[in-house]
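Okay, here's what each chain looks like letter by letter:
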Amino acid sequence: MSFELAPEEQLMVQAVRELAASPAGRAHWRERALANEFPERLWDALAAAGFLGILVPQEYGGAGLGLREMALLMETLGAEGMALLLMIVSTTMSTIALARHGSPEQKRRYLPGLAQGTTRFCFAITEPNAGSNSFRLETLATRDGDGYRIRGQKYFISGVEQAQHCLLVTRTTPARDVTDKRAGLSLFIVDTDAPGFTKQVQDTALNETERQWTLFFDDVRVPRASLIGDEGAGHRYLFDLLNPERVVSAAIATGLGRYVLGRAVAYTRDRKVFSVPIGAHQGLAHPMALAAAHLELAALMTRKAAWLFDNGKPGGAEANVAKMAAADAGLEACDVAIQAHGGNGFTREYEVVTYWPLLRLIKTAPVSREMILNYIGEHVLGLPRSY
Ligand SMILES: Cc1cc2nc3c(=O)[nH]c(=O)nc-3n(C[C@H](O)[C@H](O)[C@H](O)COP(=O)(O)OP(=O)(O)OC[C@H]3O[C@@H](n4cnc5c(N)ncnc54)[C@H](O)[C@@H]3O)c2cc1C
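A quick note: this is a predicted structure, and the numbers were derived from the prediction, not measured.

Student: Hey, could you go over the layout of surface pockets for me, with residue numbers and the actual values?
Tutor: Reported here for the largest pocket is a volume of approximately 1,600 Å³. Looking at the lining of the largest pocket, the elements that each hand over two or more residues are helix 5 (86-101), strand 3 (147-158), helix 7 (234-270), helix 9 (316-340), helix 10 (356-364) and helix 11 (369-380). The element best represented in the lining of the largest pocket is helix 7, accounting for eight residues.

Written out as structure tokens, the structure is:
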């Protein structure tokens, strides 16, 4: 694994910086994020640059690259002050699900549009009675003629308003009927305009460009062709999605952390309240330096986790550690940035406080800090579990 950016990665970073400065870039993202609306122009520009097809195989119109490049893209967008949850659930997770486990027909049908940005997916696993414990989920797909009938409910599902399709995790065998709790999960593609599919917006306060929804599946009929892979084998495919989800979430947190810290550095180099710029006071300089160091460490772990995934090696622990470290470092950077701005830290004009909810989210989702520590305790240290 090389720590240097390849020439094409350097070009990508440069292109993202130029995009951020363009009319479709950061100003557009920010205006939309504060209004909780989708930045269509940014999305189109990302598609036109080929960035939405990073993980799409070349034969389906993508770049055929890996999670390393995807994470670099997300980190760079973050470092320019922009983040899109749809790029986690659609451009990363759903694309990987289809590219790795989709049927030839599913690949032909969805991958070219995913690369072009015209096809968008949301991802739905969380349920009111099964948040941190996904194996307990109750949404059930039962065989019905030549297809399935789906009943159940999901909540906190991001970006449904933008998505034509939902990558849905269901049970095909109820939890009570399996001895191994991982058995009986299945992945489906469900159209968001299917009869019986309804949604209700949730009142989240994130300063983000996607909304969160409660979804109701009331006897939604899907053809057998909408099942991804084998019935009941969903847990095997899920880990190919959930680790990348952690990696790109880590990349977003690291990037946004760099952005807010950069603003704090610029502000404190300039502002004087005594004889020297406030950034000269170690009371501010050291916390900023510490945050910079923690962001760098998180970025390194994120790259390692992406490398493991791209090379087909087990990387659950690394993806979890990267997500936890990046969420902590991003939040630390945001807190320091707010502090360094004094009262201005609380104004929209100086921006830094507006990133707090999004960075704080990454401590809770897609997997909470506590569940990561549980994972490390059990799978890395070999400790017994409490639940
Ligand atoms: C803005 C936002 C966007 C989201 N987008 C999506 C999406 O697109 N798709 C999707 O499927 N989901 C999405 N989620 C859901 C998210 O992944 C869950 O909220 C998260 O996994 C936590 O689940 P929960 O809310 O049910 O919390 P709970 O599982 O109820 O947990 C509550 C608290 O208890 C702690 N806890 C629970 N069990 C243990 C334990 N054994 N040990 C220690 N602590 C424990 C948790 O760590 C947490 O702090 C989103 C959530 C938010 C807020």
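Having put the structure on the table, let's press on.
Student: Any details on the site of the ligand? Residues and values, ideally.
Tutor: Lining the immediate environment of the ligand, one finds 21 residues, of which Thr126, Ser132, Phe156, Ser368 and Glu370 sit closest. The backbone of Pro366 places a nitrogen or oxygen atom 3.3 Å from an oxygen atom of the ligand. One of the side-chain N or O atoms of Glu370 is found 2.6 Å from an oxygen atom in the ligand. Considering the ligand on its own, with 980 Å² of exposed area, one finds that the protein chains cover 70% of that surface. Because more than half of its atoms lie within 2 Å of the grid, the ligand is assigned to the largest pocket. Of all the secondary-structure elements, those providing two or more residues to the shell around the ligand are strand 1 (121-124), strand 3, helix 10 and helix 11. Here the element with the most residues in the shell around the ligand is strand 3; it accounts for four residues. Looking at side-chain class alone, the shell around the ligand contains 12 nonpolar, eight polar and one charged residues.

Student: Which residues make up the nonpolar core, and what are the values?
Tutor: Judged by nonpolar contacts, the single largest core of 97 residues is most densely connected at Leu46, Met70, Leu73, Met87, Phe123, Leu238 and Leu241. In terms of residues, this core owes the most to one element, helix 7, which gives 16 residues. If you look at the next biggest cluster of nonpolar residues, it comprises 20 residues, including Ile157, Leu168, Ala194 and Val222.

Student: I'd like a description of the domain arrangement of the protein chain, backed by residues and values.
Tutor: Often, the extent of an interface is quoted as the loss of accessible area upon association of its parts. Domain annotation of the protein chain identifies domain 1 (7-119), domain 2 (122-232) and domain 3 (235-380). Relative placement of domain 2 and domain 3: their C-alpha centres are 30 Å apart. Roughly 1,200 Å² of surface becomes buried between domain 2 and domain 3 when both sides are summed, with 71% attributable to carbon and sulfur atoms. Counting the surface domain 2 buries against domain 3, the share from its top three residues, Leu187, Leu206 and Asn207, is 33%. Across the domain 2-domain 3 interface, the total number found is zero salt bridges. Put simply, domain 2 and domain 3 have three residue pairs in polar contact (both at pLDDT 80 or more) between them. When contributions to the side of domain 2 that touches domain 3 are tallied by element, the ones reaching two or more residues are strand 4 (165-171) and strand 5 (185-191). Residues belonging to the side of domain 2 that touches domain 3 are distributed by class as follows: nine nonpolar, four polar and three charged.

Basis of the calculations
Every residue gets a number counted from 1 within its own chain, in the order that chain's sequence is written. This being a predicted model, a pLDDT of at least 70 is required before a residue's local features are given, and a value of 80 or more before pairs of side-chain atoms are given or counted; all residues contribute to the totals for chains, interfaces and linings. The basis for every side-chain value is the complete set of non-hydrogen atoms in the structure, without hydrogens or water. The definitions used throughout rest on a 1 Å grid laid over the protein atoms alone, on which a cavity is an enclosed set of points accommodating a 1.4 Å probe that cannot get out and a pocket is an open set flanked by protein within 12 Å on both sides along at least five of seven lines; lining residues are those having an atom within 4 Å of a point. Grid points are joined across faces, edges and corners, and a volume is the space filled by probe spheres set on the points. Under the DSSP-based scheme used, a helix requires at least four consecutive residues in state H or I and a strand at least two consecutive residues in state E, with every element numbered from the N terminus. Whether a residue is near a molecule or strand depends on its heavy atoms: if one lies within 4 Å, it is near. Under the rule applied, a polar contact is a pair of N or O atoms within 3.5 Å (in protein, one hydrogen donor and one hydrogen acceptor; residues adjacent in sequence only if both atoms are side-chain atoms). All accessible-area figures derive from a Shrake-Rupley calculation using a 1.4 Å probe, and residue coverage is judged against the displayed protein chains alone. A molecule is said to be in a cavity or pocket once over half of its atoms fall within 2 Å of that pocket's grid points. For this classification, Asp, Glu, Lys and Arg are treated as charged, while Ala, Val, Leu, Ile, Met, Phe, Trp, Tyr, Cys and Pro are nonpolar and the rest, including Gly, are polar. Put simply, buried Ala, Val, Leu, Ile, Met, Phe, Trp, Tyr and Cys residues joined by side-chain atoms within 4.5 Å make one nonpolar core. Each residue is placed in one exposure class: buried if its accessible area under a 1.4 Å probe, protein chains only, is under 20% of its type's maximum, exposed if it is over 50%, and partly exposed if it falls in between. Each domain's extent was defined by an automatic or database domain assignment. Buried area counts how much accessible surface, traced with a 1.4 Å probe, disappears from two parts once they are put together, with both parts' losses summed. The rule for a salt bridge is simple: a side-chain nitrogen of Lys or Arg has to be within 4 Å of a carboxyl oxygen of Asp or Glu.

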